[in-house]
Amino acid sequence: IETGGLDISEPGLGRATTARASAAAFDLPVEELTGAELNARWPAWNIPDDWEITLDPDAGFLLVEPALRALASEMTAAGGILRTNEPVTSWSASENGIRVVTGQDTYEADHLVIAAGAWNGKILRDLDIPLEVRRKPVMWFQTAHAANFMPETFPVFVYQDRTGEYYGLPIYGDDPLKVGGSVKIGIHTGGQAIDPDTLDREFHESDIEPDFRAFLTERMRGIEPVVTQSSMCMYTMTPDQNFIIDRHPDHANVAVA
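Summary of the structure given here. (Residues numbered from 1 in each chain as written. Predicted model: local features only at pLDDT ≥ 70, side-chain atom pairs only at ≥ 80, totals over all residues. Heavy atoms only, no water.)

Overview of the pattern of salt bridges
Piece 1. The full count for this structure, using the stated rule, is 13 salt bridges.
Piece 2. Between Glu32 and Arg20 there is a salt bridge, with the nearest N and O atoms lying 3.5 Å from each other. Residue Glu32 is found in strand β2 (residues 31-33), and its partner Arg20 is found in helix α1 (residues 15-25); the two are separated by 12 residues along the sequence.
Piece 3. The exposure class assigned to Glu32 is exposed, which follows from its relative accessible area of 53%.
Piece 4. As a salt-bridge pair, Asp207 and Arg135 come within 2.9 Å of each other at their nearest N and O atoms. Linking Asp207 in the loop between β12 (192-193) and α5 (210-218) with Arg135 in strand β8 (residues 132-143), this pair joins segments that are 72 residues apart in sequence.
Piece 5. Look at Asp207 and you get buried, because its relative accessible area is 9%.
Piece 6. Salt bridges sharing partners connect three or more residues here, namely Asp7, Arg15 and Glu165. (Salt bridge = Lys/Arg side-chain N within 4 Å of Asp/Glu carboxyl O. Helix = DSSP H or I, 4+ residues; strand = E, 2+ residues; numbered from the N terminus. Buried < 20%, exposed > 50% of the residue type's maximum accessible area, 1.4 Å probe, protein only.)

In structure tokens, the structure reads:
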């Protein structure tokens, strides 16, 4: 769903300028805005005039579940087999091939891709990669003016100030998580280090951190810091926050992501 995308940063921080540099490197059209221009075009915002804003007009958000269903359909149509709810207990690799053991079966293949998300640290423990899994609450907030938070009036955003980075998406469709015209906003930075097998999936009022609450009430117009729904995400963080997509150093027939 194309909405446009905003990178908003306090002066001296690099979010918006990095976005501009990336766009210039790949010849992508972006627009540079002042805080006053941002506030005038999208009344949900209350940003100081000297802040840096970059607008990507082609950005938007993905409808994840339909996209994943389509991907699975393409894969099975091409002869692939999808097995779900089947945790992996071990895997091994040799010059002769791959073996993966689950709670229900054992699989052999020529190649393996390990993309285990929050469980990568456990599945790839032999590599001793310093991965940290963080608990990340995702919250939907009540809005006083829902019309200002629809896809045509509220671009997706990443906002950066000296307290952290926050992100958000507009109200969309009949998603049951967006009850009562609520908008999805979360905290990108920080987070509590956790074990993915013991993730606390319950929302707590303390999940609305003081700096985050200040962002909602001071930098946005029409957001009420009342959570209508929540969900729990897990971030798997590398020390430099860059993604890892590579070959396993000991097995040429194993890739990791």
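Read on, since the account is not over.
Let's talk about the environment of Gly4
Piece 1. Tracing the sequence through the fold places Gly4 in the segment before β1 (5-9).
Piece 2. Gly4 gets classed as buried once you look at its relative accessible area, which sits at 4%.
Piece 3. Note: C-alpha distance between Gly4 and Gly60 (56 residues apart in sequence) is 5.5 Å.
Piece 4. Once you skip the residues sitting within four places of it in the chain, Gly4 turns out to touch Leu55, Asp56, Pro57, Ala59, Gly60, Pro155 and Val156. (Contact = heavy atoms within 4.5 Å.)

Examining unusual backbone geometry
Phi is mostly negative for residues that are not glycine, and the peptide bonds are mostly trans.
Piece 1. Not every positive phi belongs to a glycine, and Asp27 is a case in point at roughly 55°.
Piece 2. In this structure, Asp27 sits in the loop between α1 and β2.
Piece 3. Residue classification places Asp27 among the exposed positions, given a relative accessible area of 70%.
Piece 4. One non-glycine residue, Gln241, adopts positive backbone phi at about 65°.

Quick word on a nonpolar patch on the surface
Piece 1. A grouping of Leu62, Val64, Leu68 and Leu71 is seen on the molecular surface, where their side chains present a nonpolar patch of about 420 Å² in accessible area.
Piece 2. As for its placement among the helices and strands, Val64 is situated in helix α3 (residues 64-77).
Piece 3. Owing to a relative accessible area of 46%, Val64 belongs among the partly exposed residues under this scheme. (Patch = residues over 30% accessible without salt bridge, like charges linked within 9 Å, V, L, I, M, F, W, Y side chains within 5 Å. Areas by Shrake-Rupley, 256 points an atom, 1.4 Å probe, with all protein chains shown as cover.)

Topic: the packing of aromatic side chains
Aromatic ring pairs are described here by two measures, namely the spacing of the ring centres and the angle between the planes.
Piece 1. The full count for this structure, using the stated rule, is 15 aromatic pairs.
Piece 2. Consider the rings of Phe154 and Phe157, whose centres lie 5.8 Å apart with planes at 75°: the pair is edge-to-face.
Piece 3. Assessed through its relative accessible area of 0%, Phe154 is described here as buried.
Piece 4. Between Tyr166 and Phe212 the ring centres are 5.2 Å apart and the planes differ by 40°, which places this aromatic pair in the tilted class. Linking Tyr166 in strand β10 (residues 164-169) with Phe212 in helix α5, this pair joins segments that are 46 residues apart in sequence. Across the pair, Phe212 and Tyr166 agree in class, each one buried.
Piece 5. Of the aromatic side chains, those joined through ring pairs into one cluster are Trp45, Trp51, Phe141, Phe149, Phe154, Phe157, Tyr159, Tyr166, Phe212 and Phe215.
Piece 6. Lying over the aromatic face of Tyr235, Lys136 brings its terminal NZ or CZ to 5.0 Å of the ring centre. (Phe/Tyr/Trp six-rings, centres within 6.5 Å; stacked < 30°, edge-to-face > 60°. Lys NZ or Arg CZ within 6 Å of the ring centre and 35° of its normal.)

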